[in-house]
Amino acid sequence: GPVAAALFALGAAGTLLSMLALGRSFAVLPGARQLVARGPYRVVRHPMYASELVMFIALVLHLRVLLATGLVALVGIALAWRITAEEQALATLPEHVDYVARVPHRLVPGVW
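All right, on to the overall build of the chain then. Counting secondary structure elements, the chain contains four helices and zero strands. Moving toward the C terminus, one meets the helices and strands of the chain in the order α-α-α-α. Taking 112 residues into account, the globule formula puts the C-alpha radius of gyration at 13 Å, and the chain, at 15 Å, falls close to it. Projected onto its principal axes, the C-alpha positions of the chain cover 45 × 25 × 25 Å. Across the 112 residues in the chain, those meeting the buried criterion constitute 35%. Here the analysis covers contacts within the chain between residues at least 6 apart in sequence; of these, 68% occur between residues at least 24 apart. Accessible area for the chain stands at about 6,900 Å²; split by element, carbon and sulfur atoms hold 73% of it.

Where empty space is left in the structure can be found by rolling a water-sized probe over the atoms. For the largest pocket, the calculated volume is near 390 Å³. Around the largest pocket, the lining comprises 23 residues; the ones closest to its centre are Leu-22, Ser-25, Tyr-41, Tyr-49 and Glu-86. When residues of the lining of the largest pocket are traced back to their parent elements, those giving at least two are helix H2 (47-63), helix H3 (66-90) and helix H4 (96-102). When residues of the lining of the largest pocket are assigned to their parent elements, the largest contribution, four residues, is made by H3. Here the residues of the lining of the largest pocket are counted per class, giving 12 nonpolar, five polar and six charged.

Here we come to helix H1 (residues 2-22). At 3.6 residues per turn, the α-helix brings residues three or four places apart onto the same side. For H1, built from 21 residues, the straight-helix expectation of 30 Å at 1.5 Å per residue is met to within 8% by its first-to-last C-alpha distance of 30 Å. Those residues of H1 lying buried are Ala-4, Gly-11, Gly-14, Thr-15, Ser-18, Ala-21 and Leu-22. Buried positions in H1, seen along its axis, are confined to an arc of 130 degrees and lie on one side of it. For H1, the exposed residues set more than 90 degrees away from the buried face come down to Pro-2, Leu-16, Leu-17 and Leu-20. Against the buried residues of H1 lie H2.

Scoring rules and cut-offs
Residues numbered from 1 in each chain as written. Predicted model: local features only at pLDDT ≥ 70, side-chain atom pairs only at ≥ 80, totals over all residues. Heavy atoms only, no water. Helix = DSSP H or I, 4+ residues; strand = E, 2+ residues; numbered from the N terminus. Rg over C-alpha atoms; globule rule 2.2 N^0.38 Å. Buried < 20%, exposed > 50% of the residue type's maximum accessible area, 1.4 Å probe, protein only. Contact = heavy atoms within 4.5 Å. Areas by Shrake-Rupley, 256 points an atom, 1.4 Å probe, with all protein chains shown as cover. 1 Å grid on protein atoms, 1.4 Å probe; cavity = no way out; pocket = protein on both sides within 12 Å on 5 of 7 lines; lining within 4 Å. Points joined across faces, edges and corners; volume = space filled by probe spheres on them. Nonpolar A, V, L, I, M, F, W, Y, C, P; charged D, E, K, R; others polar. Expected span 1.5 Å × (residues − 1). Arc of directions from axis to C-beta.

Quick look at the structure:
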């Protein structure tokens, strides 16, 4: 329905904004490239993953299938693993400590 479509569009826009903010720091594999703290990275440390999760939730709302809910749970677990790996790599950058102090939440403001 319209709520699922709006959530999906919001997630897609967030993913695009995050990718644009990352610029050359975007990569498929986790690594310590350049720390990005602009755009949506001022709010949470992993806005692209948060946006992707919103898109998956929109799919669950649209499909209304229990299997889709399980898929979102698996995606959430995979994202948590990926975020942990990226955080370990980024911890080698000297500016990362200050960034974590300024932006304490990884995925959802006020939660994690």
